[in-house]
Amino acid sequence: MATFVIGDLHGCSVQLENLLSHIKYKPSDKLIFVGDIINGGPSSLKTLLRVIELCKIQGNECLLGNHELYLLAVLDTQRKHISNRKYGINDILQYTNKHQLIDWLRQRPLLIKNNDHNALIVHAGLHPTWNSVQAIEFAQQIETKLREDNWQNFLANILMHFDNASNAQPEANHQKMKYYLDVFLHMRYLDAAQNLVLEFKSAPISYNNKDIFPWFELDKANNRSETVLFGHWSSLGGLNQYPHYVGVDYGCVWGGKLAAFCLDDATLYSVAGLS
Ligand SMILES: [Mn+2]
C-alpha cells in the first residue's frame, strides 16, 4: 500500500489512466488529487466522473482547485461561462446530472492533513504567516460555507469582489474568506512584505528583476515540521529539489507531464502529458 499525490489533471482522462497503470495503482493504495481536475484538456466530464469514482474508495480524496471553484461560480446564475481554455467545461455544463457533480465538488476540502506522512496537501499553497493549525482552521471555515445549503449566496458575495463587478464595500468576513481562497487556490508569488502578488504566473526565472518571491521560498523560514505538497503552478514545471516542499503540477495539459509523488519513498512517477 502506497500513498500518491497526483498533479493537476485539467480534463486529461487518458493521461490519468496511463498514470494509474504506470504506478500500478491498486485499491489498497491511497490517491490524493491536488485539484484542477477539469478545464483545459479534451475530457473534463470524463475525468471528473473518474475521480469521483476513485474517491468512493476509502482513503482516496480530491482537493478543490480554482477551476472547480470557477465551475461552482458559473453555476451561479449571474455568471456566464467564459473560458480561455481550448476545451473548457461545456461537457460538464451540458451533463444531465451536473448538480450531483456540483454537490460532490462543494464537499471537497481545501487542505488535507496526512498524518501517516506528516504532510499537508493544498492546491496552490500555504501563507508563510499561517501556522499549520491556523491553515487547517481557515480551510475549514471555507469548507463549512461551501457545504451549507446557501453556498451560492456565499460564493456570489465572495466572487463579487474577485472580479470587481460591484462597487459595494465588501463585508470584513467576505474579504477574509476571499483572501483565504486566494491563498489556497491562486497564490504563487508574494512580495517582500508577504502580500499576495497574483498577476504573475510564469516561472521565477521570468521575473529576475522583480521584488517577488515564490511563496514556498518565504515559507521555508518557518521550518514547518510537515512536508507541504501542492499543484497549480504548471509553469514551475514541478518542484522536487526541496525535502519539505513538493510541487506536483508538471503541466500535463500544456504538453508537460502528469505526475504522482509517492509519499512513502519520495519517488516521482510521471507519464507524458497532452500532446
Ligand atoms: Mn490551479
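Before reading on, note that the structure itself is shown above.
A quick note: this is a predicted structure, and the numbers were derived from the prediction, not measured.

Cut-offs applied
- Residues numbered from 1 in each chain as written.
- Predicted model: local features only at pLDDT ≥ 70, side-chain atom pairs only at ≥ 80, totals over all residues.
- Helix = DSSP H or I, 4+ residues; strand = E, 2+ residues; numbered from the N terminus.
- Rg over C-alpha atoms; globule rule 2.2 N^0.38 Å.
- Buried ≥ 20, exposed ≤ 12 C-beta atoms within 10 Å, placed from the backbone.
- Contact = placed C-beta atoms within 7 Å.
- Core = buried A, V, L, I, M, F, W, Y, C linked by C-beta atoms within 7 Å.
- Pairing = 2+ DSSP bridges.
- Axes fitted to C-alpha atoms, helices over the stretch in contact; angles between N-to-C directions.
- Arc of directions from axis to C-beta.
- Right-handed = clockwise from strand over helix to strand, strands pointing away.
- Parallel < 35°, antiparallel > 145°, perpendicular 65-115°, else oblique.
- Nonpolar A, V, L, I, M, F, W, Y, C, P; charged D, E, K, R; others polar.

K.L.:
I'd like a rundown of the overall build of the protein, residues and numbers included.
P.N.:
Scanning the protein from N- to C-terminus turns up nine helices and 12 strands. Taken over C-alpha atoms, the radius of gyration comes to 18 Å for the protein, in line with the 19 Å a tight globule of 275 residues would show. Taken along its principal axes, the extent of the C-alpha atoms in the protein is 50 × 50 × 35 Å. Within the protein, the fraction of its 275 residues that count as buried is 39%. Across the protein, every contact between residues at least 6 apart in sequence was considered, and the portion connecting residues at least 24 apart equals 67%.

K.L.:
Describe the nonpolar core, listing the residues and the values that go with them.
P.N.:
The nonpolar side chains of soluble globular proteins are, as a tendency, buried together. Core analysis: the biggest nonpolar cluster contains 67 residues, and Val5, Ile6, Ile121 and Val122 have the highest contact counts within it. The element contributing the most residues to this core is helix H8 (residues 172-186), with five residues. When neighbours within four sequence positions are excluded, Val122 is seen to be in contact with Leu63, Leu110, Leu111, Phe184, Val228 and Phe230.

K.L.:
Got a sec to walk through the pairing of strand S9 (residues 227-230)? Specific residues and values, please.
P.N.:
Going residue by residue along S9, you find Thr227 and Leu229 tucked away on one face and Val228 and Phe230 tucked away on the opposite face as well. Where strand S5 (residues 119-122) lies against S9, four bridges are found, and the strand directions are parallel. Looking at S9, one finds that Ala119 is bridged to Thr227. Sheet analysis places S9 next to strand S10 (residues 245-247), joined by three bridges and oriented parallel.

K.L.:
Please set out the sheet that holds strand S11 (residues 257-262) residue by residue, giving values where relevant.
P.N.:
Spatial ordering of the open sheet is given by S3-S2-S1-S11-S12, a layout of five strands whose pairing is mixed. Single-partner strands in this sheet number two, and they are strand S3 (61-62) and strand S12 (267-272). The sheet contact formed by strand S1 (residues 3-6) and strand S2 (residues 30-33) spans four bridges and is parallel. Counterpart to Val5 in the pairing with S2 is Ile32. Docked against the sheet, helix H1 (residues 13-22) engages S1, S11 and S12, running at close to 140 degrees with respect to S12.

K.L.:
With reference to specific residues and values, describe helix H2 (residues 44-54).
P.N.:
Restricting attention to buried positions, one finds in H2 the residues Ser44, Thr47, Leu48 and Val51. Looking straight down H2, one finds its buried side chains confined to an arc of 95 degrees; they lie on one side. Tucked inside the fold, the buried residues of H2 contact H1, S2, S3, helix H4 (90-93) and helix H5 (98-105).

K.L.:
Describe in detail the sheet that holds strand S8 (residues 212-214), supporting the description with residues and values.
P.N.:
Pairing is antiparallel in the open sheet, where three strands are placed in the order S7-S6-S8. The sheet terminates laterally at strand S7 (196-197) and S8, the two strands that pair on one side only. Both strand S6 (residues 189-191) and S8 contribute to a ladder of three bridges, which runs antiparallel. When the bridges of S8 are listed, Tyr189 appears paired with Pro214.

K.L.:
How would you explain the pairing of S1 if you had to name every residue and give the values?
P.N.:
Remark: a regular strand shows side chains that alternate across the two faces of the sheet. Once the chain exits S1 it traverses H1 before rejoining the sheet at S2, and the crossover so formed is right-handed. In this sheet, S11 lies alongside S1 in antiparallel orientation, the contact comprising three bridges. Within S11, the position partnered with Ile6 by the bridge is Ala260.

K.L.:
Report on H1, specifying residues and quantitative values.
P.N.:
Of the residues making up H1, those classed as buried are Ser13, Gln15, Leu16 and Leu19. Down the axis, H1 shows its buried residues gathered within 155 degrees of arc, on one side only. Close packing links the buried residues of H1 with S1, H2, S11 and S12.

K.L.:
Provide a residue-level description of the packing of helix H6 (residues 132-147) against H8, including the pertinent values.
P.N.:
Two quantities define a packed helix pair, namely the angle between the axes and the distance from one axis to the other. Where H6 contacts H8, the two axes come as close as 10 Å, and the packing angle between them is 110 degrees. Considering their axes alone, H6 and H8 lie roughly perpendicular with respect to each other. Contact residues: Phe138, Ala139, Gln141, Ile142 and Lys145 in H6; Met177, Tyr180, Leu181 and Phe184 in H8. For the contact of H6 with H8, a count of residues per class yields seven nonpolar, one polar and one charged.

K.L.:
Can you break down the environment of Ile32 residue by residue, with the values?
P.N.:
Position of Ile32 relative to the elements: it lies in strand S2. Under the C-beta neighbour-count criterion, Ile32 is labelled buried, with 23 such atoms within 10 Å. Along the sequence, Ile32 and Leu63 sit 31 residues apart, while their C-alpha atoms lie 7.7 Å from each other.

K.L.:
Describe unusual backbone geometry, and please don't skip the residues or the numbers.
P.N.:
Note: most peptide bonds trans; most residues except glycine with negative phi. Although it is not a glycine, His10 sits at a positive phi angle of roughly 45 degrees. Relative to the elements of secondary structure, His10 occurs in the loop between S1 and H1.

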